[in-house]
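Chains, contacts and geometry: an overview
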Amino acid sequence: HSDRASKRRSASSKNRDTRGEKGKKDVAISNHSASELKKEENIIIKYGSLFLLVAQMVGLVLLMRYSRTRTSVDGEMYLASTAVFIMEVMKFIICIGVIFFSSGLSISSLSSELNTH
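Residues numbered from 1 in each chain as written. Predicted model: local features only at pLDDT ≥ 70, side-chain atom pairs only at ≥ 80, totals over all residues. Heavy atoms only, no water.

**Considering the side chain of Q56**
To be explicit about the condition: Each helix is a run of DSSP H or I of at least 4 residues and each strand a run of E of at least 2, with the numbering of both proceeding from the N terminus. In what follows, a contact means two residues having at least one pair of non-hydrogen atoms within 4.5 Å.
Within the element layout of this structure, Q56 appears in helix α1 (residues 2-69). Other than its neighbours up to four places away in sequence, Q56 contacts M87, E88, K91 and I94.

Listed below in structure tokens is the structure:
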């Protein structure tokens, strides 16, 4: 009779071990999927930033070409360096926006990211 009881105890401890291992596997899978999501988010941010900055540069070239070839009534033109400066300010705002988005839309996280890098 005691032999059967010890077999039941060992079987139940094996079941607990199996459940513990399964739980560990679930945690490992969830950690793996979390890292995959983070990688996917980083890829989206990387290519989104690239797209925005390329669109900004193409826009600068096209708008400067259009505005400089168009004849104005006064004949006065703006300085090209002013247009470049404005576009650099826009690029700075885009980059801050991307960092703000990637830091979880939090001002304190944004500040931390800017101080770190």
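**Here's the deal with the packing of helix α2 (residues 80-102) against helix α3 (residues 107-116)**
Test applied: In this analysis, axes come from line fits to C-alpha atoms, helices being fitted only over the stretch in contact, and the angle between any two N-to-C directions falls in the range 0 to 180 degrees. Two helices that cross are described as forming a left-handed crossing if the nearer one is turned anticlockwise from the farther one by less than a right angle, and a right-handed crossing if clockwise. Here the nonpolar group is Ala, Val, Leu, Ile, Met, Phe, Trp, Tyr, Cys and Pro; Asp, Glu, Lys and Arg are the charged ones; every other residue, Gly included, is treated as polar.
Two elements in contact, α2 and α3, have axes separated by 8 Å at closest approach and are oriented at 115 degrees. Judged by the sense of rotation from one axis to the other, the crossing of α2 with α3 is right-handed. Between α2 and α3, the contacting residues are I96, I99 and F100 on the first element and I107, L110, E113 and L114 on the second. When the residues that make up the contact of α2 with α3 are grouped by side-chain class, the tally is 6 nonpolar, no polar and 1 charged.

**Points about the side chain of S103**
Applicable threshold: Categorising residues by exposure relies on relative accessible area from a 1.4 Å probe, with only protein chains included: less than 20% of the type maximum marks a residue as buried, more than 50% marks it as exposed, and the intermediate range marks it as partly exposed.
Relative to the elements of secondary structure, S103 occurs in the loop between α2 and α3. On the basis of relative accessibility, which here comes to 14%, the residue S103 falls in the buried class. When neighbours within four sequence positions are excluded, S103 is seen to be in contact with S109, L110 and E113.

**Focus: the packing of aromatic side chains**
To describe a pair of aromatic rings, one takes the distance between the centres and the angle between the planes. Rules: Side-chain rings of Phe, Tyr and Trp, where Trp is taken by its six-membered ring, are said to pair if the distance between their centres is within 6.5 Å; with planes under 30 degrees apart they count as stacked, over 60 as edge-to-face, and otherwise as tilted. Criterion for a charge above a ring: Arg CZ or Lys NZ at most 6 Å from the ring centre, at most 35 degrees from the ring normal.
One pass over the structure, following the stated rule, counts 0 aromatic pairs. Directly above the aromatic system of Y78 lies the positively charged group of R68, at a separation of 4.9 Å from the ring centroid.

**Side note on the pattern of salt bridges**
The criterion, for reference: Any Lys or Arg side-chain nitrogen located within 4 Å of an Asp or Glu carboxyl oxygen qualifies as a salt bridge.
Applying the stated criterion to the full structure yields 1 salt bridge. For E88, the salt bridge is made with K91, and the minimal N-O distance between the two is 3.2 Å. Residue E88 and its partner K91 are located together in helix α2, separated by 3 residues, close to a single helical turn. By relative accessible area, which is 39% here, E88 ends up partly exposed.

**Some points on the confidence of the model for the protein chain**
Heads up, the rule is: Confidence scores per residue from the predictor, reported as pLDDT, run from 0 to 100.
Confidence along the protein chain averages 77 in pLDDT terms, with 70% of residues attaining 70 or more. Here α1 is the element of the protein chain with the lowest mean pLDDT, 72, and α3 is the one with the highest, 91.

**Notes on α2**
To be explicit about the condition: Given the number of residues in a helix, its expected span is that number minus one, multiplied by 1.5 Å.
The terminal C-alpha atoms of α2, which comprises 23 residues, lie 33 Å apart, in line with the 33 Å expected from a rise of 1.5 Å per residue. Listed in full, the buried residues belonging to α2 are A83, M87 and V98.

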